[in-house]
Protein chains: 2
Amino acid sequence: MSSYYERHVFFCLNQRSNGEGSCAEHNAQAAFDHCKARVKAEGLAGAGKVRVNKAGCLDRCAGGPVAVVYPEAVWYTFVDHSDIDEIVERHIKRGEVVERLQLPPDVGR
Amino acid sequence: MSSYYERHVFFCLNQRSNGEGSCAEHNAQAAFDHCKARVKAEGLAGAGKVRVNKAGCLDRCAGGPVAVVYPEAVWYTFVDHSDIDEIVERHIKRGEVVERLQLPPDVGR
């Protein structure tokens, strides 16, 4: 059975209230909103295509803000909207991994 | 590069306030809590192993409550804790798809 979404992107939007850092303090919501709007504007959203999803803590906080693209299991970090645009253009549309934005494999909580 | 998590499970915990149904009204939080506790108790949680994650709306509301296991992209629905136990025992631990709990492919929003 094929995957319900060709690509399923999860953004950590976790907000901590205990003083520790969290993705929400690094503009994760704005990045999510921008990615979701871009995917929708390009006509890529929906079943058989792409879903941009809110997620709770993905537990790789040291690299935050973070997002992960499945089923490829490619993890990204990003600074601004142009980074998100590059992930949409290259990875989400063409299936290319954006190596310069990949989260290093040893980055954890 | 191998996947940061061997299996990454996302539970929809979306709560709607507009009167439409949502996974949160179908005990999604309790299922998530039970799954997370079981995975932790079995020593399966963490990098290189399993992450049980909160997610926002996965947009397959008609089949709610729903969860998806990546990188396999296998979608489940469930009724009680014994269903979650079966997903943990068979899919998360042994990599078997629990066919009786799979979401039919045409279930959408």
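Quick summary incoming for the structure in this document.

About the criteria used
- Residues numbered from 1 in each chain as written.
- Chains lettered and ligands numbered in written order.
- Predicted model: local features only at pLDDT ≥ 70, side-chain atom pairs only at ≥ 80, totals over all residues.
- Heavy atoms only, no water.
- Core = buried A, V, L, I, M, F, W, Y, C linked by side-chain atoms within 4.5 Å.
- Buried < 20%, exposed > 50% of the residue type's maximum accessible area, 1.4 Å probe, protein only.
- Contact = heavy atoms within 4.5 Å.
- Buried area = accessible area lost by both parts, 1.4 Å probe.
- Salt bridge = Lys/Arg side-chain N within 4 Å of Asp/Glu carboxyl O.
- Polar contact = N/O pair within 3.5 Å; in protein donor to acceptor, adjacent residues only side chain to side chain.
- Least-squares fit on C-alpha atoms with pLDDT ≥ 70 in both.
- Helix = DSSP H or I, 4+ residues; strand = E, 2+ residues; numbered from the N terminus.
- Expected span 1.5 Å × (residues − 1).
- Arc of directions from axis to C-beta.

**A word on the nonpolar core**
Nonpolar side chains tend to gather and get buried jointly when the protein is soluble and globular. One finds F11 of chain A together with F11 of chain B to be the most contacted residues of the largest nonpolar core, which totals 72 residues. Discounting residues that sit within four places of it in the chain, F11 of chain B has contacts with A31, F32, C35, V52, N53, K54, A55, L58, V66, A67, F78 and I84 of chain B.

**Some points on the interface of chain A and chain B**
The accessible area lost on association of the parts is a frequent measure of interface size. At the junction of the two partners, chain A supplies 23 residues and chain B supplies 23 residues. Taken together, both faces of the contact between chain A and chain B bury some 1,900 Å²; the carbon and sulfur share is 58%. In this structure, the connection of chain A to chain B is made through two salt bridges. Salt-bridge contacts for D59 of chain B lead to R51 of chain A; the nearest nitrogen and oxygen are separated by 3.6 Å. At the surface where chain A touches chain B, the tally comes to twelve residue pairs in polar contact (both at pLDDT 80 or more).

**Observations regarding the relation of the copies chain A and chain B**
Of the transformation superimposing chain A on chain B, the axial component is 0.0 Å and the angular component is 180°, with the fit at an RMSD of 0.0 Å. The relationship between the two copies is best expressed as a two-fold rotation axis.

**Details of helix α1 (residues 28-41) of chain B**
All names here are of chain B. The end-to-end C-alpha distance of α1 is 20 Å, a good match for the 20 Å that 14 residues give at a rise of 1.5 Å each. Turning to α1, its buried residues number three or more, namely A28, A31, F32, H34, C35, R38 and V39. Taken end-on, α1 shows its buried residues confined to a sector of 165°, consistent with a single buried face. Exposed side of α1, more than 90 degrees from the buried face: K40 and A41 are the residues found there.

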